[in-house]
Amino acid sequence: MTDRNVTLSTEGKDFNYPILEGSVGPEVFDVRKLYGQTGMFTYDPGFTSTASCQSAITYIDGEKGVLLHRGYPIDQLAENSTFMEVAYLLLHGELPKGSELHDFTYTISRHTMLHEQLATFYRGFRRDAHPMAIMCGVVGALSAFYHDSTDITDPEQRMIASHRLIAKMPTIAAMAYKYSVGQPFLYPDNSLSYTGNFLRMTFGVPAEPYAVNPVVERAMRRIFILHADHEQNASTSTVRLAGSSGANPFACIAAGIACLWGPAHGGANEAALNMLREIGDVKRIPEYIARAKDKDDPFRLMGFGHRVYKNFDPRAKVMKATADEVLKELGKSDPVLDVAKELEQIALSDDYFIEKKLYPNVDFYSGVILNAIGFPTDMFTALFALARTVGWVAQWNEMISDPEQKIGRPRQLYVGQPQRDYVPVDKR
Ligand code: SDX
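Since the model is a prediction, treat every value here as computed from it, not as a measurement.

Draft legend 1. The arrangement of the environment of Glu270 in detail. Here Glu270 is to be found in helix α12 (residues 268-279). According to the relative accessible area criterion, Glu270 is buried, its value standing at 16%. Note: C-alpha distance between Glu270 and Phe380 (110 residues apart in sequence) is 5.8 Å.

Written as structure tokens, this is what we have:
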């Protein structure tokens, strides 16, 4: 709280709304009493100027391209951390000491298996079901199996549910891939890292041992870290809103997965690679740039633009460097990467993109790496959901513990019919 106010003057009266300041970033003015005092609502479709909560987990400065997790810059975490370390940091607020990291990693590894009956859920899907459809269904179904961790008023149950969700997402995602290719599911191997275990469950087969490629493991770990959390984005806000009604954590994360699936959000990584493949050749880039700029054409450059980043997405920078590194170390080349780099160069020198501050976002280069590792395009958003589960459960826990939080219930500007009387059908 500061001693300053924003004063709103309407119909000859002044109303003061206290200005609140955070540790860094924009201040806010508290409008919770606005409707009671003025009879008016604020109007902010898409919440472009609205803070929905207080949070200490992630800070983004869109103008400077800054992304901090509990104060630590994303590029430092991507370079130096393991995913378990970042998960602990997001959940508990501090980088873990050695013993804390060991205990946390042990706990997570002891929750990696699914209830055996959940495997039968996969048989109910068509083999060509989108992995995100399976993720929505299976994660939502977890609440039917883990009743001992659905009481959100019990901090211990909340943490068990959080550990279960973080631990089981790689198993669920890997099983979705295995089901789509008709291969048997592999059980987790707790002797491997979180990322290595996921790679083995995805690409290993019972017929032979699977050696985790350290280059791939490092790239996958970095991708998971880059996707772990991102302030109050659409899917995180969905998780918070679902959680505000007291819904169990498994249902809340299933809601977040559903929201992330959209091509304007987490679905953009799949859409971006499909777009780059459709462009296919640097000679066709001008045609697509023109379409992106054409108001009458719904086409947008997927993987470009961001609600918050108006300079550059720091995650895209790390992702671009990782794409070069992985392709080189795997001895692979991908013409799509050349198209992506040329498209970025052309777009960033085009007045339309400069004026609208459109830059590559986290989804622009990630598909090139995931494709090089061997994932089918429709698995990309499932990997985003796997990684973002850590951020979702951290934000969900923060919301439940926030004394100021109550059920989310926005209002509206009503533009429909005023009251009118019913007309019998023979009189219409
Ligand atoms: C993620 O919020 C998060 O933090 C999300 C995320 C996370 O980690 O959780 O970072 C993950 O979702 C990244 C974004 C992935 N989506 C895409 O790459 C899809 C393509 N991008 C856009 O659809 C768009 O840029 C959004 C949705 C990302 C942001 O949209 P905004 O903030 O609502 O901006 P807008 O749609 O109002 O666009 C502003 C202008 C518009 O032109 P005008 O109406 O002002 O004339 O820029 C144009 C848009 O037409 N524009 C684009 C464009 N993105 C915006 N034009 C061409 N290509 C694009 N990609």
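Draft legend 2. Structural context of the sheet that holds strand β5 (residues 66-69). One open sheet holds the 3 strands; their spatial order is β4-β5-β6, and the pairing between them is antiparallel. Since the sheet does not close on itself, it has two edges, and those belong to β4 (58-61) and β6 (72-73), each with one partner. The pairing of β4 with β5 spans 4 bridges and is antiparallel. Bridge assignment links Thr58 to a residue of β5, and that residue is His69.

Draft legend 3. Spatial organisation of the site of the ligand. Every one of the 24 residues lining the ligand counts as a neighbour, but His230, Lys295, Leu301, His306 and Arg315 are closest to it. Contacts to the ligand include Leu301, whose backbone N or O atom sits 2.8 Å from a nitrogen atom. Isolated, the ligand exposes 1100 Å² of accessible area, and the fraction of that covered by the protein chains is 78%. Split by residue class, the shell around the ligand holds 10 nonpolar, 7 polar and 7 charged.

Draft legend 4. Main features of helix α3 (residues 83-92). For α3, the buried fraction is high: 9 of the 10 residues fall into the buried class. Every buried residue belonging to α3 is among Phe83, Met84, Glu85, Val86, Ala87, Tyr88, Leu89, Leu90 and Leu91, and all of these are buried. Among the residues trailing α3, Gly93 stands out with phi positive, at a value near 95 degrees.

Draft legend 5. Quick look at unusual backbone geometry. Backbone geometry at Phe47 places phi at a positive 55 degrees, although glycine is not the residue there. Among the structural elements, Phe47 can be located in the loop between α1 (34-38) and β4. When its relative accessible area of 56% is taken as the criterion, Phe47 is described as exposed. Even without glycine at this site, Glu231 takes up a positive phi of about 60 degrees. Relative to the helices and strands, Glu231 is located in the loop between α9 (214-226) and α10 (234-244). The exposure class assigned to Glu231 is partly exposed, which follows from its relative accessible area of 27%.

Draft legend 6. Structural view of the sheet that holds strand β2 (residues 13-20). Strands sit in the order β1-β2-β3 across an open sheet of 3 strands; the sheet is antiparallel. Both edges of this open sheet fall to β1 (5-10) and β3 (28-29), since each of them pairs with a single strand only. Here β2 runs beside β3; their pairing, made up of 2 bridges, is antiparallel. By the bridge assignment, Leu20 is partnered in β3 with Val28.

Draft legend 7. Quick look at α12. The first and last C-alpha atoms of α12 sit 16 Å apart over 12 residues, in line with the 16 Å expected at 1.5 Å per residue. Just downstream of α12, Gly280 is the residue with a positive phi angle, here 70 degrees.

Draft legend 8. Broad picture of the layout of surface pockets. The space that makes up the second largest pocket amounts to roughly 240 Å³. Every residue lining the second largest pocket is counted, 16 residues in all, and those nearest its centre are Met84, Thr105, Leu192, Ser193 and Tyr194. Elements with a minimum of two residues in the lining of the second largest pocket: α3, α4 (98-109) and α8 (194-203). Broken down by element, the residue count for the lining of the second largest pocket peaks at 4 residues, all from α4. Among the residues forming the lining of the second largest pocket, the class breakdown is 6 nonpolar, 8 polar and 2 charged.

Conventions and cut-offs
Residues numbered from 1 in each chain as written. Predicted model: local features only at pLDDT ≥ 70, side-chain atom pairs only at ≥ 80, totals over all residues. Heavy atoms only, no water. Helix = DSSP H or I, 4+ residues; strand = E, 2+ residues; numbered from the N terminus. Buried < 20%, exposed > 50% of the residue type's maximum accessible area, 1.4 Å probe, protein only. Pairing = 2+ DSSP bridges. Near = heavy atom within 4 Å. Polar contact = N/O pair within 3.5 Å; in protein donor to acceptor, adjacent residues only side chain to side chain. Areas by Shrake-Rupley, 256 points an atom, 1.4 Å probe, with all protein chains shown as cover. Nonpolar A, V, L, I, M, F, W, Y, C, P; charged D, E, K, R; others polar. Expected span 1.5 Å × (residues − 1). 1 Å grid on protein atoms, 1.4 Å probe; cavity = no way out; pocket = protein on both sides within 12 Å on 5 of 7 lines; lining within 4 Å. Points joined across faces, edges and corners; volume = space filled by probe spheres on them.

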